[in-house]
Amino acid sequence: PADSKGDRSLQLVVHCTMADRDFHREEMPEDDLMGEENLPEDEEEGEDLFGNDMMDDYRADPALDQYDPEFLDDEPHEPMSIQTRMAAERAMEDREVRAGRRARSPSPKGDSKTPAFAKRLAATLQASPSSVAESEEATTTQKKRRVNDPFGLSDDLDEEDVPEALYDLMHERLSQGSDIEKRLVEKIRLSFQQFLLKYVAENEEGPKYPDRLRKMAEQHQAHLEVSYDDLRRWSPNLSLWVSDFPHNVLPILNETLMLVAARKFKTYTKLADAGENELRVAIDSFPVQDKIRSLCTQHTNKLVKVAGVVTKRSTVRNQVKRLWVRCAKCNLPAGPFEVAEEKDLRPSACLECTSRGPWRVDRQSTIYQNHQTISLQESPSSVEAGKMPRSREVVLTGDLVDTVRPGDELELIGIYRCLHDTATNARTCFPVYRTDIQAVHINRKGDLKLIQISDDQQKNILDLAKSPQIRERFISSMAPSIYGMWHVKTAIALSIMGGQPKQAAGKHRIRGDINTLIVGDPGLAKSQFLKYVEQTFPRAVYTTGKGASGVGLTAAVTRDENGHFCLEGGAMVLADDGICLIDEFDKMNDQDRTSLHEAMEQQSISISKAGIVATLQARCAVVAVANPIEGRYDQQRTFSQNVNLSDPILSRFDLMCVLRDEADPLQDEMLASHVVCSHIRSHPDANPEEKTKKPKTNNTSHLTPISQDMLKKYIVYARQRVFPKMTDVDSEKLASFYSELRAEAFRTGGAPMTARHMDSLIRLAEANARIELRHHVSSRDIDNAIAVMLESFIQSQKHQVAEELRKKFRRYLAQGPLADQFMAILDHLFKEASIKAQLASKDVELEEIPVEMTEVIREIEQAELKMQDATAFMQSQRFLQHFRVEGEKLYRVM
């Protein structure tokens, strides 16, 4: 009986539909304008259910009115909740779909919950210009579909079957200053909808954006990134309108995206039912980039692309997006009113009592959106010499708020707007308009967490980490244009990699960044090291001690445009999660330098000024460069006597490098050859042979350098995914080394050794493990960390004390590959031989200065190295490349 009633109900609906069609057919003129004569002749009129025998279907029939008791459930049940009922209905619908008895469908046409713009777009699918030939076929198909599918169940199935003539914008025109007509609006909607469903990128098989829509729904995002190049290939006119009329076209695209997402994913159905158009089309890959200072009247109300650094950020505020008001006299609601600068948000009169006010805001129905402003300033590297950097105000709305922070380098695509400034007009009595940029798409640069590494790049990085001597290759690739200075390059490499921050008991935070101080004579490329780190590391801020005050390095309290106090971060705040590079560190005032104490150790900056009590994060490594007091470093003085820095600031540096400009004939010749070859290779008119010219060989010539592009990816991968841990380490070795070194520091003077340097040893060991992409710290990493710190401590001593310390701590210094140890011994012997030749006033070529083999054997024995290892080294290619043996004498090969 249930099946028979269901069949009759369906026939009733079909009959009513047919009768309604016949009723209208009788009123139609004879020429049949609607084309009903073209309908198929095999369509039947159906059964007449309103005859005299209609009540016979409801008469009692004892033979049929029998039910099996096993199929009846008369037991009491608990009340079913709405969520349980909806889940059961969905399960039954899925079962019916799997059985093939019905098709999955959205809500029927005319549902009151369907948003207004959904109805408009559904109407677009049925609209067709009368001048297009394909429109007749589309009309006939729609009529057949209305007859065969009266419930509109197959509306979703024909989205990709829309003829191209219905959404082709090639012959359409859009003029400046006029509103878009309704016909063109519907056509733009349909064109963008088909773009999201059908566009296939080059060298791809399937459509590109359905997969992006799915990912957007899975991650609950409120925006879809659409490439401008893809839009240009799909419809050149639409892409041109997006760039020239973004105020008019982008809201249409946002509305269409909301409809498509709501029809495909239930995640956005509630937003669509409420009428909230929260989804946003983020246009990226815009081809034209302008400078901030070049924005002028020709860019007004157009899409622009600029780059800069965020210097200031406001709090998040609520902005009215769609306003509803109520009449204060009769309480009749009025609205909604779309918020716009040029529109009046109040109705002219009440429809119920014809009153013109007052009105009160209906806060329950009014829709708000997040609103935030930031200041985008030109990058320091892009500003011409002698000019001040300019900035623009940028407005962030929706899901863009709180996505950037001061110090971020942005690539911004937005709408350059011109707004009426009431305050300025009242003050100047002259029509002045202010400008800002409404953000559409933001791309953050320099954030390690946002840099993507492909699978092929990851494979190359892992293969590189498995190569022998990767640590030496990584260090030698630091600043390849600078010759020598192995100790400084090691310190720079360890600062770039860094250690692991830790949370100790009692919420005490131990920093993981490694601070480095470089002190040396002039002309030894100290500032070039800082510039190299700025170009290589993704997030680095460069400043000078003389040009930055204490508040310029930490934070300052200023007044905003409304007269309220606000915080502005300095260089160390802007370098959060990066490296702060300070040149001319010794030129800073003592008061300004004192402000760095908290920032360098606790990595936070506390502010208590003008009623503002706050703590800012400054989790960055500090690489500082200073000059000696008298210009040149005096080896007969201690480190503190050579540098005008206090012990509290020196104890916060993990490593200290001292560079001395010493006369060494061999090293000077190598340096000259390196500089000449560098100039030849860097010349703009150099031929391929000159670009590959190499200098004379040096101690690191056997190491294959890593390309700078691969080096940057290697650093990003290590900082993102490698987090070394201290497990089984020789704690007794660390304790004995620290106690001996601290005793020598108090006895001889020099750089102070405090308990902070024990933490520094752990950080240096973790950085060594991270260079080799290992997640556990080994004993070799501990040895390398001890050797680096010991070399840093010895360099800060007087010349006589340094030589004594080298002999005393020889067992800690003799680390690394055996070949490097033998090379260091031979370099030391040839350096002493060349000095003796100079003192004897002998004009001898460097290749003719010999070293007795007996001296070589004596030095090897003092270093406690094995003669078998020395014999094997003298037969290696590295030895034969640099030296030659003639009898009992050893000569250098130039």
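In what follows, the accompanying structure is described. Everything quoted here is computed from the prediction, not taken from an experiment. (Residues numbered from 1 in each chain as written. Predicted model: local features only at pLDDT ≥ 70, side-chain atom pairs only at ≥ 80, totals over all residues. Heavy atoms only, no water.)

Concerning the pattern of salt bridges
Where charged atoms of side chains with opposite charge meet at close range, the side chains can pair. Following the criterion strictly, the structure yields 38 salt bridges and no others. Among the salt bridges present, the one from Arg280 reaches Asp399, with a minimum N-O distance of 2.9 Å. Of the two residues, Arg280 is situated in strand 2 (residues 280-284) and Asp399 in the loop between strand 8 (391-397) and strand 9 (409-420); the sequence distance between them amounts to 119 residues. The exposure class of Asp399 is partly exposed, given its relative accessible area of 30%. Linked through salt bridges whose partners overlap, the residues forming this network are Arg511, Glu601, Asp654, Arg756 and Arg763. (Salt bridge = Lys/Arg side-chain N within 4 Å of Asp/Glu carboxyl O. Helix = DSSP H or I, 4+ residues; strand = E, 2+ residues; numbered from the N terminus. Buried < 20%, exposed > 50% of the residue type's maximum accessible area, 1.4 Å probe, protein only.)

Observations regarding the packing of aromatic side chains
Inspection of the entire model under this criterion finds ten aromatic pairs. When the centroid spacing of 5.8 Å and the interplanar angle of 45° are considered together, the rings of Phe474 and Tyr714 count as tilted. On the criterion of sequence distance, the pair formed by Phe474 in helix 13 (residues 470-476) and Tyr714 in helix 24 (residues 708-721) is long-range, its members being 240 residues apart. For the pair formed by Phe474 and Tyr714, the shared burial category is buried. Here the aromatic rings of Phe585 and Phe653 are separated by 5.9 Å at their centres, their planes lie at 90°, and the arrangement is edge-to-face. Highlighted residues: Phe585 in the loop between strand 17 (579-583) and helix 18 (590-594) and Phe653 in the loop between helix 21 (647-650) and strand 21 (655-659), separated in sequence by 68 residues. Grouping residues by exposure puts Phe585 and Phe653 together as buried. Grouped by ring-pair contacts, the aromatic residues Tyr167, Phe192, Phe195, Tyr199, Tyr209 and Trp234 constitute a single cluster. Sitting above the plane of the Tyr542 ring, Lys531 keeps its charged end 3.9 Å from the centroid. (Phe/Tyr/Trp six-rings, centres within 6.5 Å; stacked < 30°, edge-to-face > 60°. Lys NZ or Arg CZ within 6 Å of the ring centre and 35° of its normal.)

Quick look at the sheet that holds strand 22 (residues 851-852)
Taken together, three strands build an open sheet; the order of strands is 22-24-23 and the sheet is antiparallel. Edge positions in the sheet fall to strand 22 and strand 23 (883-886), since each has one partner strand and no second. The pairing of strand 23 with strand 24 (residues 889-892) spans four bridges and is classified as antiparallel. Bridge pairing in strand 24 links Phe883 to Arg892. (Pairing = 2+ DSSP bridges.)

Concerning the pairing of strand 19 (residues 612-617)
Here strand 18 (residues 604-609) pairs with strand 19 via six bridges, running antiparallel. Among the inter-strand pairings, Ile607 is bridged to a residue of strand 19, identified as Ala614. Linkage of strand 18 to strand 19, two consecutive antiparallel strands, is achieved through a turn of two residues, within which Ala610 is found at a positive phi near 50°.

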